[in-house]
Amino acid sequence: MSDSFSSLGQATAVPSIKDLSQPLASGKGWMKFVGIVSIVHGVLIALSIIGIVIAWLPIWMGLLLMKSANAIERAQLSGDADALKESLAKLRTYFVVLGVLILVGIVISAVYFMFFGAMIATMIRNGSFPH
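The sections below set out a description of the structure shown in this document. (Residues numbered from 1 in each chain as written. Predicted model: local features only at pLDDT ≥ 70, side-chain atom pairs only at ≥ 80, totals over all residues. Heavy atoms only, no water.)

Here's the deal with the overall build of the protein chain
Part 1 of the reasoning: Counting its regular elements, the protein chain contains five helices and zero strands.
Part 2 of the reasoning: Reading the protein chain from its N end, one meets helices and strands in the order α-α-α-α-α.
Part 3 of the reasoning: Across the 131 residues that make up the protein chain, the buried fraction comes to 20%.
Part 4 of the reasoning: In the protein chain, of all internal contacts separated by at least 6 residues, the share reaching a separation of at least 24 is 57%.
Part 5 of the reasoning: About 9,300 Å² of surface is accessible on the protein chain, with carbon and sulfur atoms providing 73% of the total. (Helix = DSSP H or I, 4+ residues; strand = E, 2+ residues; numbered from the N terminus. Buried < 20%, exposed > 50% of the residue type's maximum accessible area, 1.4 Å probe, protein only. Contact = heavy atoms within 4.5 Å. Areas by Shrake-Rupley, 256 points an atom, 1.4 Å probe, with all protein chains shown as cover.)

Some remarks on the pattern of salt bridges
Part 1 of the reasoning: For the structure shown, the criterion picks out two salt bridges.
Part 2 of the reasoning: Of the charged contacts, one joins Lys32 and Glu73 as a salt bridge, the two residues approaching to 3.2 Å between their closest N and O atoms. With Lys32 in helix α2 (residues 28-46) and Glu73 in helix α4 (residues 56-78), this pair connects stretches of sequence that are 41 residues apart.
Part 3 of the reasoning: For the salt bridge of Glu86 with Arg74, the shortest nitrogen-to-oxygen distance reads 2.7 Å. Residue Glu86 is found in helix α5 (residues 81-126), and its partner Arg74 is found in helix α4; the two are separated by twelve residues along the sequence.
Part 4 of the reasoning: What makes Glu86 partly exposed here is its relative accessible area of 31%.
Part 5 of the reasoning: Exposure remark for Arg74: the relative accessible area of 39% places this residue in the partly exposed category. (Salt bridge = Lys/Arg side-chain N within 4 Å of Asp/Glu carboxyl O.)

Details of the layout of surface pockets
Part 1 of the reasoning: Taken as a whole, the largest pocket holds about 240 Å³ of empty space.
Part 2 of the reasoning: Surrounding the largest pocket, Val34, Ser38, His41, Ile45, Ile54, Leu57, Pro58, Met61, Tyr94, Leu98 and Leu101 form its lining.
Part 3 of the reasoning: Of all the secondary-structure elements, those providing two or more residues to the lining of the largest pocket are α2, α4 and α5.
Part 4 of the reasoning: A class-by-class count of the residues in the lining of the largest pocket yields nine nonpolar, two polar and no charged. (1 Å grid on protein atoms, 1.4 Å probe; cavity = no way out; pocket = protein on both sides within 12 Å on 5 of 7 lines; lining within 4 Å. Points joined across faces, edges and corners; volume = space filled by probe spheres on them. Nonpolar A, V, L, I, M, F, W, Y, C, P; charged D, E, K, R; others polar.)

Remarks on the environment of Gly29
Part 1 of the reasoning: Mapped onto the secondary structure, Gly29 falls in helix α2.
Part 2 of the reasoning: Gly29 gets classed as partly exposed once you look at its relative accessible area, which sits at 47%.
Part 3 of the reasoning: Once the C-alpha coordinates of Gly29 and Glu73 are considered, the two residues, 44 residues apart in sequence, prove to be 9.9 Å apart.

Points about the packing of helix α1 (residues 17-25) against α5
Part 1 of the reasoning: Contact geometry for α1 and α5: axes closest at 10 Å, N-to-C directions at 30°. The orientation of α1 relative to α5 falls into the category roughly parallel. Relative to α5, α1 is oriented so that their crossing is left-handed. Touching Ile17, Leu20, Ser21 and Leu24 of α1 are Ala81, Leu84, Ser87, Leu88 and Leu91, all from α5.
Part 2 of the reasoning: Among the residues forming the contact of α1 with α5, the class breakdown is seven nonpolar, two polar and no charged. (Axes fitted to C-alpha atoms, helices over the stretch in contact; angles between N-to-C directions. Parallel < 35°, antiparallel > 145°, perpendicular 65-115°, else oblique. Left-handed = near helix turned anticlockwise from the far one by under 90°.)

Remarks on α5
Part 1 of the reasoning: In a regular helix each residue adds 1.5 Å, so 46 residues correspond to 68 Å; α5 covers 67 Å between its end C-alpha atoms and thus fits that length.
Part 2 of the reasoning: When α5 is considered as a whole, its buried residues turn out to be Ala83, Leu84, Ser87, Leu91, Tyr94 and Val97.
Part 3 of the reasoning: In this structure, the buried side of α5 is in contact with α1, α2 and α4.
Part 4 of the reasoning: In the stretch just after α5, Gly127 is the one whose phi turns positive, near 75°. (Expected span 1.5 Å × (residues − 1).)

Geometry only, nothing functional implied.
See the structure below:
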């Protein structure tokens, strides 16, 4: 089995932008797919009253992925270094936002479990826990 990216590991004089963008460009279809699904998810979230407040996050993240995929496509086709840089910058922003959302989710989950754990412990201590 050969690695389609094996040429990146070989010592060449100066790799071109097309060579450097090739691994990411090969996944641009998946980036666009996840971006579209994220945008649709955000639109569906916006249909609820409370969802309007947070619906912009998945829409923004989907747009970041779509713009990154389009920029990497430009970099791959034309060898444009600025397009490669733009694509990587948008991907960086996407992963930073995703990481912050994951951390917020972990904190909210921890608070949730502590609250309900304390509530169950209080019910057991007071003898009002259903048998």
